[in-house]
Amino acid sequence: MKIFLDVIKKRKSVRSFLAKTVDLALIKEIIALATYAPTSCNQQLWNFIVIDDALTKEKLIKEAAANTLIRRAPVVIAVTYDGWNYKEALQGASLAVGHILLAAEYYGLGALPINSYGADCKVKKILNIPVKEKICCFIALGHPDERAQQSPLVSRRPVEEVFHQGKFRDNNAPPFTYDPNDWSLENLRNHQKYYCRKTFLGKEMDIMNQRERELIKNTLGDIKNNLLDLFSYDGSFLKEFPLLPIIAMDLTQETSAYTRAAVRLFAKNKLLKAAHIIYDDKKKAFTENQQAAISLIYKLERISDALKENLFIQAYNTLRKEGEFIIIARKSNIFLSFFFFAVRLIFGQDVRKTGIYSFFGPYQPVSLRKTKQQLKKAGFRDISWSGYFFIPVFYEQIYQMIKQYIRSGGTSYLHREPKEDAISKFLSFIMKIQGLRKFGLLGSVAVIICRKQ
Ligand SMILES: Cc1cc2nc3c(=O)[nH]c(=O)nc-3n(C[C@H](O)[C@H](O)[C@H](O)COP(=O)(O)O)c2cc1C
């Protein structure tokens, strides 16, 4: 029998499941336990709709643009509440959701609360939910698969940070702006420790497109020795690396744990071997032994000038003679700048609003000229670079995300069914023609190679 405290501490969100049904009697028992949650005036204004048939799940995905993750969940529970008094009913339903998550953990099941359940009005129609009822959230339920079992628990803020005695005191929260120069190294670490990636282990966050993966593969293809990768941060791109021993460096133990788990996952398919280290900004070099190659993949956009300058000096000191520092980063160009302008105009200045870029921290495409100056200052003399993707390749994904966002009534953008139409076909055609052609300064991605002489 599991101890209550273990149930609380071991529960985690499970996003991938075994193809194994869950006994309906057990689901009923879990919902019965949910009804033990307190409600204002004991109103118990909640309802639980259990969905375990593929047809309804498919309808929710296709018609309401629900998160496609529900397709792989043996059971989905839609938790609704009587909307007569929004606050009271939502409070009660939310407590019931908490009970369901803990009860699932107790019975050895995995569960995930889901906000990205689709457009409310369409979900209500499909599930025959009366007008007066509102949807609190969905909960996916099932037996966790290996990927889910391997996913580390996400860490909790120390209680001292959230504990306020008598009065609220400033607890040094990160700035949540797009500009990396607003973020100290401590802000970045603090954010990364806790901010969850909202998706399953090893799913690419910054690299959404196969062509960008190809670019990584081609760029690193010639490396023959060990590779030190800076700020891997779950490192979904590591699977594109050559089959060489890798040292993956992360900012915190927590992000490093994600990288480790992702590497373990990829290592099944290929012989990927990695050692893991944590970044120390006080050290002269990253490692005691000199390295033949260092990579920084789509992370330069996310760090402040002060951190860049230190990092470049450390990279220089870590490389052996003739060693290479390889940077792949998004650089400003007309299409990328337009995209970020639009994102900030629509969603505002808080990087968390879109969720797309907030995983690592801030986000700002780099200036090539400034980067070269910073690299020279650190000691690099032999610097070559190429620009790729005049039209950012992720426009294809962004287009699908926008469609999903609109179709799902603003509840989801990540897990979606790609929909083909004239625009998507046109974009795909453009991307094909563009391929991995070099565009120089017009490109939206720069590959910078610095050789230590
Ligand atoms: C109300 C609610 C809605 C959520 N919606 C989603 C969702 O749509 N997609 C998702 O992947 N995770 C979702 N989550 C899961 C959170 O990301 C997760 O609880 C958080 O990162 C903490 O991780 P843990 O549950 O493993 O402790 C949701 C959580 C809550 C409480």
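Scoring rules and cut-offs
- Residues numbered from 1 in each chain as written.
- Predicted model: local features only at pLDDT ≥ 70, side-chain atom pairs only at ≥ 80, totals over all residues.
- Heavy atoms only, no water.
- Salt bridge = Lys/Arg side-chain N within 4 Å of Asp/Glu carboxyl O.
- Helix = DSSP H or I, 4+ residues; strand = E, 2+ residues; numbered from the N terminus.
- pLDDT = per-residue confidence, 0-100.
- Phe/Tyr/Trp six-rings, centres within 6.5 Å; stacked < 30°, edge-to-face > 60°.
- Buried < 20%, exposed > 50% of the residue type's maximum accessible area, 1.4 Å probe, protein only.
- Near = heavy atom within 4 Å.
- Polar contact = N/O pair within 3.5 Å; in protein donor to acceptor, adjacent residues only side chain to side chain.
- Nonpolar A, V, L, I, M, F, W, Y, C, P; charged D, E, K, R; others polar.
- Pairing = 2+ DSSP bridges.
- Axes fitted to C-alpha atoms, helices over the stretch in contact; angles between N-to-C directions.
- Contact = heavy atoms within 4.5 Å.
- Core = buried A, V, L, I, M, F, W, Y, C linked by side-chain atoms within 4.5 Å.
- Patch = residues over 30% accessible without salt bridge, like charges linked within 9 Å, V, L, I, M, F, W, Y side chains within 5 Å.
- Areas by Shrake-Rupley, 256 points an atom, 1.4 Å probe, with all protein chains shown as cover.

On to the pattern of salt bridges, then. Throughout the structure, instances matching the rule amount to 17 salt bridges. Asp305 is the partner of Lys370 in a salt bridge, and the nearest nitrogen-oxygen pair spans 2.8 Å. Of this pair, Lys370 sits in helix α13 (residues 368-377) while Asp305 sits in helix α11 (residues 305-318); the two residues are 65 residues apart in sequence, bridging distant segments of the chain. Three or more residues are tied together by salt bridges with common partners; here these are Glu58, Lys62 and Arg71.

With 95% of its residues at a pLDDT of 70 or more, the chain has an overall mean of 90. Overall fold confidence (pTM) sits at 0.79, and the ipTM for the predicted complex is 0.98.

Following the criterion strictly, the structure yields 22 aromatic pairs and no others. Here Tyr233 and Phe360 contribute two aromatic rings whose centre-to-centre distance is 5.3 Å and whose plane-to-plane angle is 70°, an arrangement assigned as edge-to-face. Of this pair, Tyr233 sits in the loop between β5 (227-230) and β6 (246-250) while Phe360 sits in the loop between α12 (334-347) and α13, and the two are 127 residues apart along the sequence. Its relative accessible area of 2% is what places Phe360 among the buried residues. Ring centres of Tyr279 and Phe286 lie 6.2 Å apart, and the angle between their planes is 55°; this geometry places the pair in the tilted category. Assigned by exposure class, Tyr279 and Phe286 land together as buried. Put simply, the rings of Phe335, Phe339, Phe340, Tyr363, Phe390, Phe394, Tyr395 and Phe439 pair up and form one aromatic cluster.

Here we come to the site of the ligand. In the vicinity of the ligand lie 13 residues, with Arg11, Ser13, Arg15, Ser116 and Arg156 positioned nearest. Here an oxygen atom of the ligand and a side-chain polar atom of Arg15 are 2.8 Å apart. Within the side chain of Ser116, one N or O atom sits 2.9 Å away from an oxygen atom of the ligand. A breakdown of the residues in the shell around the ligand according to their chemical character gives five nonpolar, three polar and five charged.

Here we have four strands laid out as an open sheet, ordered β1-β2-β4-β3, and antiparallel in their pairing. Among the strands making up the open sheet, the edge pair consists of β1 (46-51) and β3 (110-114). On average, each strand axis in the sheet is inclined to that of its neighbour by 25°, with strand direction left out of account. By the bridge criterion, five bridges tie β3 to strand β4 (residues 133-142) in an arrangement that is antiparallel.

To continue, consider unusual backbone geometry. The backbone of Cys41 sits at a positive phi, close to 55°, despite the residue not being glycine. Structurally, the position occupied by Cys41 is in the loop between α2 (24-34) and β1. One non-glycine residue, Tyr298, lies in the positive phi region at around 50°. Among the secondary structure elements, Tyr298 is positioned in the loop between β8 (291-297) and α11. Overall, Tyr298 belongs to the buried group, its relative accessible area being 1%.

All right, on to the environment of Tyr194 then. Counting through the fold element by element, Tyr194 comes out in helix α8 (residues 185-194). Along the primary structure Tyr194 and Leu101 are separated by 93 residues, whereas in three dimensions their C-alpha atoms are 20 Å apart. Contacts of Tyr194, omitting those with residues within four sequence positions, involve Ser155, Arg156, Arg157, Pro158 and Glu161.

Among the five residues of β6, five are classified as buried, and the element is accordingly described as predominantly covered. Alternating residues of β6 divide into Ile246, Ala248 and Asp250 and Ile247 and Met249, and every residue in both groups is buried. Where β5 and β6 come together, four bridges link them in parallel fashion. Within the sheet, the bridge partner assigned to Leu230 lies in β6 and is Met249. Of the pairings in the sheet, the one linking β6 to strand β7 (residues 274-278) comprises five bridges and is parallel in character. Considered in β7, the bridge of Asp250 is made with Ile278.

With that settled, consider the nonpolar core. Ranked by size, the top nonpolar core spans 80 residues in total, and within it Phe325 and Phe380 carry the most contacts. For Phe325, the residues in contact, after removing those within four places along its chain, are Leu230, Ile294, Leu296, Phe312, Ala315, Leu319, Leu375, Phe380, Ile448, Ile449 and Cys450. Ile31, Val75, Tyr81 and Ala89 belong to the second-largest nonpolar core, a separate cluster that totals 26 residues.

Those residues of helix α9 (residues 210-220) lying buried are Arg211, Glu212, Arg213, Leu215, Ile216, Thr219 and Leu220. The backbone nitrogen of Arg211 lies 2.7 Å from a side-chain oxygen of the residue at the head of α9, namely Asn209.

So, about the sheet that holds β7. Spatially, the seven strands line up as an open sheet ordered β7-β6-β5-β8-β9-β11-β10, and their pairing is mixed. Unpaired on one side and paired on the other, β7 and β10 (382-388) mark the two borders of the sheet. Direction aside, the axes of adjacent strands within the sheet are offset by 20° on average. Two elements, β8 and strand β9 (residues 319-330), share six bridges in a ladder whose sense is parallel. Residue Ile294 lies in a different strand from β9, and its bridge partner there is Phe325. Its contacts with the sheet put helix α10 (residues 253-267) on β6 and β7, and the angle it makes with β7 is roughly 170°.

What follows deals with a nonpolar patch on the surface. Nonpolar side chains collect at one region of the surface, where Ile3, Phe4, Leu5 and Ile8 lie side by side and expose about 430 Å² of accessible area between them. Assignment of secondary structure puts Phe4 in helix α1 (residues 4-10). A relative accessible area of 57% places Phe4 in the exposed class.

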